[in-house]
2 protein chains.
Amino acid sequence: MLKIAMLSTGEEVLHGDIVDTNAAWLGREFFEHGFPLAKRSTVGDTKAALVEELMMLSFNTDVVIVNGGLGPTTDDLSAEAAAEVSEQELILFPEWVTQMEAFFATRQRQMPQNNIKQAMLPAKSIIIDNPIGTACGFKLQINDCWFYFTPGVPSEFKRMVKEQIVPDLRKSYPEQAGLECSYFYTFGSSESGIGEKLDKLQLPEGYSLGYRSYLPFIEVKLFGPKRDTEKRMKLSSMIYQHLERYIVSIDEPMLDHLGHLLEDKGQSLSIAEQSTKGWLSHWLLSNVDVAQRCGHSWVLSPKVAADLGVQDPLASIFALAGATKEKCNTDLSLVTGPIKDGEFTVALSAPEGEWGQIFRFTRQYTIEDQKQIIGTLAADILRRYLSGKPVFTEYGATLKVKELFIPTSAL
Amino acid sequence: MLKIAMLSTGEEVLHGDIVDTNAAWLGREFFEHGFPLAKRSTVGDTKAALVEELMMLSFNTDVVIVNGGLGPTTDDLSAEAAAEVSEQELILFPEWVTQMEAFFATRQRQMPQNNIKQAMLPAKSIIIDNPIGTACGFKLQINDCWFYFTPGVPSEFKRMVKEQIVPDLRKSYPEQAGLECSYFYTFGSSESGIGEKLDKLQLPEGYSLGYRSYLPFIEVKLFGPKRDTEKRMKLSSMIYQHLERYIVSIDEPMLDHLGHLLEDKGQSLSIAEQSTKGWLSHWLLSNVDVAQRCGHSWVLSPKVAADLGVQDPLASIFALAGATKEKCNTDLSLVTGPIKDGEFTVALSAPEGEWGQIFRFTRQYTIEDQKQIIGTLAADILRRYLSGKPVFTEYGATLKVKELFIPTSAL
């Protein structure tokens, strides 16, 4: 088994001034391409710490991705440390000077003198191109281990990994490559609940399941061989059957799916919020398709919300949904009511009628988490309506208290 | 110098299924308490990988915080690996069984049998209490290095570090402890711009500056000895003078400060958004004080926004600000206009009159970043008004195109 590690460098990562999103991204990217990381480490940007860690990794691993420390300033020491550990001289790579000069020329600027440092690499390095920055990557063998040195800027790092390092690894280790991944986005169940349902599945050789949970979604991933279309489709449809109640989208996040649905159905939408306090509008409108099909959206003042709450909660939210739709002159309106004693209401108003529901949280959530759950639940009601599915269903994390549909003829 | 490392465990961290926020948090927490990390590493939860890494760390470091792998299931292997590396037996710690039984009793449940595993620790372990979970921490010496094993659940981990591990380290290494930190939150300059301004400062022995940048803020931190009040106040006021234009709050995030200002001045607020599409309401209303003093807030439909945009942009946003304030019957209204050709408008309406401004972005931002910058800029206008500062100022990342104040008498 190929042993692959990542080394992140920099005091700012070590002391938590920035979260190492490159590391999480690379871990996922490599895993999904069939190159799982065996280890990750982080050291500051002192040369002694870098040299010690590079040395240790060179004896214990087959492939290491080193991230950061390739900039033009004096505290960028990755190339120098690599030269010391590999016992090579730092030499000038004139082809990279030429490329940097071209980089600055297209920006109508002259290359500053201190950028020369970025073309000084250990003598036996193989340059890895960076089409969008001045820090070239490089590949270098030290003690039987292949090191790939990469820039810390996330956009440059990700592009270099995707376009050059992954293909290079595929060529060097063809037996490793070749995983394909399908994504099922679910909402309304727990990870253990999802796990239990899928535990019964007998996966064929070479297939495995992964879970990634970020409130309020759980992403289920099906890994397996590439170009194995028939088997993958059969497995996908089995997973779909087991999780149908919870699946909100496949191979695209829920919000993108919702945008496509609104677009396809040519429906316009308005939004009124109480409990979600702007979370729902902000989230939905961050999708371009939804934003284009959206009329006004508004967040009610807590005072007005309190006044409305005195009445029967379903009557109150039906009134709000109807008024919003009419006032904004849209096909649909989606509304969240106030939270009272752990209960909240949501409603959808459509040409056919109005769907209102009251739910109760089954456990304690922070206020921010409550907004996310209620907002996503409201969006799921819209999704179910647009997909032609029954609008009413049960969700985890909540208990249905009451549901009521009033057809337009009875309004 | 004390060499401190952190070891995170778990396949889900390694493969990027979850971002290791515990690591960033610990890095910051330890740095600010005078115990900077020298190294961080992550391995999966196979026993071989854990044993290898624990062994390596025991020879190269003085203190290691191990995070994760203390749960009741078979893939939680931290205690077992620790026992192997330290050549100790795993023995039952009956005092922890008693505590777990009490934990379940207060929840009207019986302790499941598999939780017994969480009380099986290497023989010479010193238990570290976990008042909110079933995974106790433990402290153990291996080859001259002190290991602190901690649970992966963030709330349990953070509480254990704050309440028990940091105090224990302070007692064990009194010469290390004793940093104090002041925070200056800035908006509207770049990190290099801030750095240049502060480079001139001559800091006394024992003081240092740190920067943490998360769009759109840059947090400046002043580290120095504890209880050195006079010197700290003098330095703080020097930093304030250098950065006054950019400082939005001190020792509390901008949004909290804004909430306190609104509360202190007893003002009510309404919001209307175009370019920020709900970002501003969502952000402001996530603060309880702001939410309580806020009337309605609304996001205009892009169609209406386009209609309004045809007129002179300042006239259009003044009209919107006035109408919003009047309709919502609040003291103040804060408004973001549409973005057109890279220019955007913001306005504040108050009893004294209306302030309107047009800005232009000086470089390219993603749509989400644009919302954040415009929204924060709008909030800063409100902050300046409530603090009695001149409402108009210049910001980095933007160029002022036009500004106009109309007193109420002229409206």
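Residues numbered from 1 in each chain as written. Chains lettered and ligands numbered in written order. Predicted model: local features only at pLDDT ≥ 70, side-chain atom pairs only at ≥ 80, totals over all residues. Heavy atoms only, no water.

Per an unreviewed UniProt entry, chain A goes by CinA-like protein and derives from Vibrio eleionomae. A UniProt comment under Sequence similarities (unreviewed entry) is attached to chain A, and it reads "Belongs to the CinA family." (UniProt positions renumbered as here; feature names shortened; annotations may be inferred.)

**Student:** Explanation requested: helix α14 (residues 367-386) of chain B in the structure shown.
**Tutor:** Think of an α-helix as 3.6 residues a turn; residues three or four steps apart then line up on the same face. Look at α14(B): 29 Å from first C-alpha to last across 20 residues, which is about the 28 Å you get at 1.5 Å a residue. With its phi angle positive at about 75 degrees, Gly388(B) sits one or two positions after the end of α14(B). (Helix = DSSP H or I, 4+ residues; strand = E, 2+ residues; numbered from the N terminus. Expected span 1.5 Å × (residues − 1).)

**Student:** Quick question: what am I supposed to make of the UniProt feature "domain: MoaB/Mog" (unreviewed entry) in chain A here?
**Tutor:** Those residues carrying the UniProt feature "domain: MoaB/Mog" (unreviewed entry) are residues 5-172 of chain A in this numbering. Counting secondary structure, residues 5-172 of chain A comes out at 42% helix and 21% strand; the distance between its end C-alpha atoms is 16 Å.

**Student:** What is the right way to read the domain arrangement of chain A from this model?
**Tutor:** Accessible area lost upon the coming together of the parts is a frequently used measure of interface size. Residue and element names in this part refer to chain A. You can read the domains of chain A as domain 1 (4-172), domain 2 (179-250) and domain 3 (254-410). In this structure, domain 1 and domain 2 have C-alpha centres spaced 35 Å apart. With six residues of domain 1 in contact, the opposing surface of domain 2 contributes six residues. Around 510 Å² of area is buried between domain 1 and domain 2 when both sides are counted, 50% of it from carbon and sulfur atoms. At the surface where domain 1 touches domain 2, the tally comes to one salt bridge. Between Glu32 and Lys221 there is a salt bridge whose closest N-O contact spans 3.4 Å. Counting the contacts that link domain 1 with domain 2 gives two residue pairs in polar contact (both at pLDDT 80 or more). In terms of residue count, the dominant contributor to the side of domain 1 that touches domain 2 is helix α2 (residues 21-32) (three residues). (Domains from an automatic or database assignment. Contact = heavy atoms within 4.5 Å. Buried area = accessible area lost by both parts, 1.4 Å probe. Salt bridge = Lys/Arg side-chain N within 4 Å of Asp/Glu carboxyl O. Polar contact = N/O pair within 3.5 Å; in protein donor to acceptor, adjacent residues only side chain to side chain.)

**Student:** Please explain the pairing of strand β9 (residues 179-187) of chain B as it appears in this structure.
**Tutor:** Residues and elements named next belong to chain B. Taken across its nine residues, β9 has seven buried, putting it largely inside the fold. Sheet topology places β9 next to strand β11 (residues 217-225); nine bridges connect them, and they run antiparallel. Within β11, the position partnered with Tyr183 by the bridge is Lys221. The sheet contact formed by β9 and strand β12 (residues 247-250) spans three bridges and is antiparallel. Within β12, the position partnered with Tyr185 by the bridge is Ser249. (Buried < 20%, exposed > 50% of the residue type's maximum accessible area, 1.4 Å probe, protein only. Pairing = 2+ DSSP bridges.)

**Student:** What is the right way to look at the packing of aromatic side chains in this model?
**Tutor:** Ring pairs (aromatic) are described by centroid distance and by the angle formed between their planes. All chains considered together, the criterion is met by 32 aromatic pairs over all chains. Taken together, a centroid distance of 5.6 Å and an interplanar angle of 50 degrees make the contact between Phe187(A) and Tyr395(A) tilted. One end of the pair, Phe187(A), is in strand β9 (residues 179-187); the other, Tyr395(A), is in the loop between α14 (367-386) and β18 (398-407), and 208 residues separate them in sequence. A centroid spacing of 4.4 Å and a plane angle of 15 degrees characterise the contact between Phe138(B) and Phe149(B), whose relative ring orientation is stacked. With a gap of 11 residues between them, Phe138(B) in strand β7 (residues 137-142) and Phe149(B) in strand β8 (residues 145-150) connect regions that are remote in the sequence. One exposure class covers both Phe138(B) and Phe149(B), and it is buried. Through successive ring pairs, a cluster of aromatic residues spans Phe187(A), Phe217(A), Trp279(A), Trp283(A), Phe344(A), Phe359(A), Phe361(A), Tyr365(A) and Tyr395(A). The aromatic ring of Trp146(A) is capped on one face by Lys139(A), whose charged end is 4.9 Å from the ring centroid. (Phe/Tyr/Trp six-rings, centres within 6.5 Å; stacked < 30°, edge-to-face > 60°. Lys NZ or Arg CZ within 6 Å of the ring centre and 35° of its normal.)

**Student:** Is there a simple way to explain the sheet that holds strand β6 (residues 126-128) of chain B in this structure?
**Tutor:** Hydrogen bonds between backbone atoms are what pair the strands of a sheet, whose relative direction is either parallel or antiparallel. An order of β6(A)-β7(A)-β8(A)-β3(A)-β1(A)-β2(A)-β2(B)-β1(B)-β3(B)-β8(B)-β7(B)-β6(B) is seen for the 12 strands of this open sheet, with the pairing classed as mixed. Sheet topology places β6 (126-128) of chain A together with β6 of chain B at the edges, where each strand pairs with a single neighbour. Each adjacent strand pair in this sheet contributes to an overall mean axis angle of 20 degrees, direction not counted. (Axes fitted to C-alpha atoms, helices over the stretch in contact; angles between N-to-C directions.)

**Student:** Looking at this structure, how should I read the relation of the copies chain B and chain A?
**Tutor:** Two copies of one chain are present, and they are related through a rotation about an axis combined with an axial shift. Screw-axis analysis of chain B against chain A gives a translation of 0.1 Å along the axis, an RMSD of 0.1 Å, and a rotation angle of 180 degrees. Taken together, the rotation and translation describe the operation of a two-fold axis. A shared binding surface is used by both copies, with 100% of the interface residues of chain B retained as interface residues in chain A. (Least-squares fit on C-alpha atoms with pLDDT ≥ 70 in both.)

**Student:** Where do I start with the layout of surface pockets in this structure?
**Tutor:** The method is simple in principle: a probe with the dimensions of a water molecule rolls over the atoms, and the space it marks as empty is what remains. Approximately 1600 Å³ is the volume found for the second largest pocket. Together, 41 residues line the second largest pocket, and Glu12(A), Ile18(A), Gly152(A), Val153(A) and Glu191(B) are the ones closest to its centre. Counting only elements with at least two residues in the lining of the second largest pocket, the list comes to β1 (4-9), α1 (11-14), α2 and α6 (154-172) of chain A together with α7 (191-199) and β10 (208-214) of chain B. With five residues, β10(B) is the single largest residue contributor to the lining of the second largest pocket. Considering only residue class, the lining of the second largest pocket consists of 13 nonpolar, 18 polar and 10 charged. (1 Å grid on protein atoms, 1.4 Å probe; cavity = no way out; pocket = protein on both sides within 12 Å on 5 of 7 lines; lining within 4 Å. Points joined across faces, edges and corners; volume = space filled by probe spheres on them. Nonpolar A, V, L, I, M, F, W, Y, C, P; charged D, E, K, R; others polar.)

**Student:** What's the story with the packing of α2(A) against α6(A) in this structure? I'm lost.
**Tutor:** Between two packed helices, the angle of one axis relative to the other and the distance separating the axes together describe the packing. Residue and element names in this part refer to chain A. It is at 11 Å that the axes of α2 and α6 come closest, and there the two elements cross at 25 degrees. One element, α2, and the other, α6, form an angle in the roughly parallel class. Note on packing geometry: the crossing formed by α2 with α6 is right-handed. When α2 is examined against α6, the residues Asn22, Trp25, Leu26, Glu29 and Phe30 are found in contact with a partner set consisting of Pro154, Phe157, Lys158, Val161, Lys162, Ile165, Val166 and Leu169. Taken together, the residues of the contact of α2 with α6 break down into nine nonpolar, one polar and three charged. (Parallel < 35°, antiparallel > 145°, perpendicular 65-115°, else oblique. Left-handed = near helix turned anticlockwise from the far one by under 90°.)

**Student:** I tried to follow the pairing of strand β8 (residues 145-150) of chain A on my own but got confused; where do I start?
**Tutor:** The two faces of the sheet receive side chains in turn, since in a regular strand these alternate between them. Residue and element names in this part refer to chain A. Counting buried positions along β8 yields five of six residues, so the element is predominantly enclosed. Both strand β3 (residues 63-67) and β8 contribute to a ladder of five bridges, which runs parallel. Looking across to β8, one finds that Val66 is bridged to Phe149. In this structure, strand β7 (residues 137-142) lies alongside β8, joined through five bridges in antiparallel fashion. Each residue of the ladder has a partner; that of Lys139, found in β8, is Tyr148.

**Student:** Can you walk me through the interface of chain B and chain A in this structure?
**Tutor:** The partner chain A presents 49 residues to the 49 residues of chain B that form the contact. Surface buried jointly by chain B and chain A totals about 4000 Å² across both partners, of which 55% is contributed by carbon and sulfur atoms. Applying the counting criterion to the chain B and chain A interface returns four salt bridges. Between Glu53(B) and Lys39(A) there is a salt bridge; the shortest N-O distance is 2.8 Å. Our count for the contact surface shared by chain B and chain A stands at 16 residue pairs in polar contact (both at pLDDT 80 or more). No other element matches the six residues that strand β14 (residues 294-299) of chain B contributes to the side of chain B that touches chain A. The class makeup of the residues in the side of chain B that touches chain A is 20 nonpolar, 16 polar and 13 charged. Note: strand β14 (residues 294-299) of chain A against β14(B), three bridges, orientation antiparallel. Pairing of Ser297(A) across the sheet is with Val299(B), part of β14(B).

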